[in-house]
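Letter by letter, the chains look like this.
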Amino acid sequence: MSQIKFPKRKSGRKRKIQAYQKLLYKKVLFYKKKRKKRTFYKKGSNRKMGRGIFSRKNFEIFGTICLLSLAVVVFGHVVRWNPTARKEPNVVQQKLSTSEDYQILPAESGPCGRPEIIQDFIVENPYSRSGIPLDAVNGIVVHYVANAGSTAEENRNYFENLKDTHLTKASSHFIIGLDGEIIQCIPLDEISYASNERNSDTISIECCHRKENGKFTKKTYKSLVKLTAWLCASYGIPSSDVIRHYNVTGKLCPLYFVRHEDAWTEFLSDIQKKLEKNG
Ligand SMILES: [Zn+2]
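Description of the structure in this document.

**Thoughts on the sheet that holds strand S5 (residues 182-184)**
Reading across the sheet, the 7 strands line up as S1-S2-S5-S4-S6-S3-S7 and stay open at both edges, with mixed pairing between neighbours. If you trace the sheet from one side to the other, it starts and ends with strand S1 (103-105) and strand S7 (242-244), each paired once. Across the sheet, the mean angle from the axis of one strand to that of its neighbour is 25°, orientation sign disregarded. The pairing of strand S4 (residues 174-176) with strand S6 (residues 202-207) spans 3 bridges and is parallel. Counterpart to isoleucine 176 in the pairing with S6 is cysteine 207.

**Comments concerning the nonpolar core**
In this structure, Ile140, Ile176, Ile205, Cys207 and Leu227 are the most contacted members of the largest nonpolar core, which totals 39 residues. Mapped onto this core, the elements with two or more residues apiece are strand S3 (139-144), helix H5 (152-165), S4, S5, S6, helix H6 (218-235), helix H8 (255-259) and helix H9 (261-278). Broken down by element, this core gets its largest block of residues, 6 residues, from H6. If we ignore the near neighbours within four places in the chain, the residues touching isoleucine 205 are Ile140, Val142, His143, Ser172, His173, Phe174, Ile176, Leu224, Leu227 and Thr228.

**Examining the pairing of S6**
In terms of burial, S6 is largely enclosed, as 6 of its 6 residues are buried. Of the two faces of S6, the one holding Thr202, Ser204 and Glu206 and the one holding Ile203, Ile205 and Cys207 are both buried throughout. As judged from the 6 bridges shared by S3 and S6, these two strands associate in the parallel manner. Across the sheet, residue glycine 139 finds its bridge partner in S6, namely threonine 202.

**Observations concerning the packing of H6 against H9**
For the pair H6 and H9, interaxial distance at closest approach is 9 Å and the crossing angle is 50°. Accordingly, the angle class assigned to the pair H6 and H9 is oblique. The handedness of the crossing between H6 and H9 comes out as right-handed. Residues Val225, Thr228, Ala229, Cys232 and Ala233 of H6 touch H9, and the partners they reach there are Asp270, Ile271, Lys274, Leu275 and Asn278. The residue makeup of the contact of H6 with H9, split by class, is 6 nonpolar, 2 polar and 2 charged.

**Description of the environment of serine 130**
Inspection of the secondary structure assignment puts serine 130 in the loop between strand S2 (117-119) and S3. When the C-alpha atoms of serine 130 and glutamate 190 are compared, they prove to be 8.0 Å apart, with 60 residues separating the residues in sequence.

Thresholds applied
- Residues numbered from 1 in each chain as written.
- Predicted model: local features only at pLDDT ≥ 70, side-chain atom pairs only at ≥ 80, totals over all residues.
- Pairing = 2+ DSSP bridges.
- Helix = DSSP H or I, 4+ residues; strand = E, 2+ residues; numbered from the N terminus.
- Axes fitted to C-alpha atoms, helices over the stretch in contact; angles between N-to-C directions.
- Core = buried A, V, L, I, M, F, W, Y, C linked by C-beta atoms within 7 Å.
- Buried ≥ 20, exposed ≤ 12 C-beta atoms within 10 Å, placed from the backbone.
- Contact = placed C-beta atoms within 7 Å.
- Parallel < 35°, antiparallel > 145°, perpendicular 65-115°, else oblique.
- Left-handed = near helix turned anticlockwise from the far one by under 90°.
- Nonpolar A, V, L, I, M, F, W, Y, C, P; charged D, E, K, R; others polar.

This is the structure:
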């Protein structure tokens, strides 16, 4: 009978040594990796401050941009707020540069208070300012200048120049410009040449307009309401006696208010509201 040889089993001591070696090897690998990570962060930047887009450098740049933007905004506000830096010449200042012989009646408060009026009377002449006294003031007649884009001053000068040109007889007590400026051309106790057979007992208001359709700008409209309400209250004229040139002669004047009856009714109602507020 032959003997079977079994492989020799490793002794318990050897196995322990091998297991210990394996453990040691793993530990070394672990520390090596850890060390690698540390060096990586050190190379980039301080880990606590973040890296990539959150780096300290980027924070500093971002902060600087924010501060600069804030400074620009604050500076802009200071410049805009400064009244001398953005003051635009108003109607009166524009007027100063073109004419010297005029007077400004300041605006008054109240629902029917007088709006600001530039009194720039045209010289007496048979074609636009006859000097004939008004018989009475029984109504107010609204007109449009029928010359799209022209200014109040241009129309005033047109009336005055009729003394030389002799083209026709024409004028108006008031002209309201595209920016709402009001120029008075004729004193309120004299007649104007605007409303045919009603010249002798009415006050006339001409209005400028940008377009051919004769529609007034918001500013022109606002001044027209104010001026008419003031005149109505001053002379005790009801809104029903505010009329269009059209109501006197059938002329398409003021064009927009003739073609848009609803707009005319609304205008009269705006006057009425002011008169009622005035009490
Ligand atoms: Zn007219």
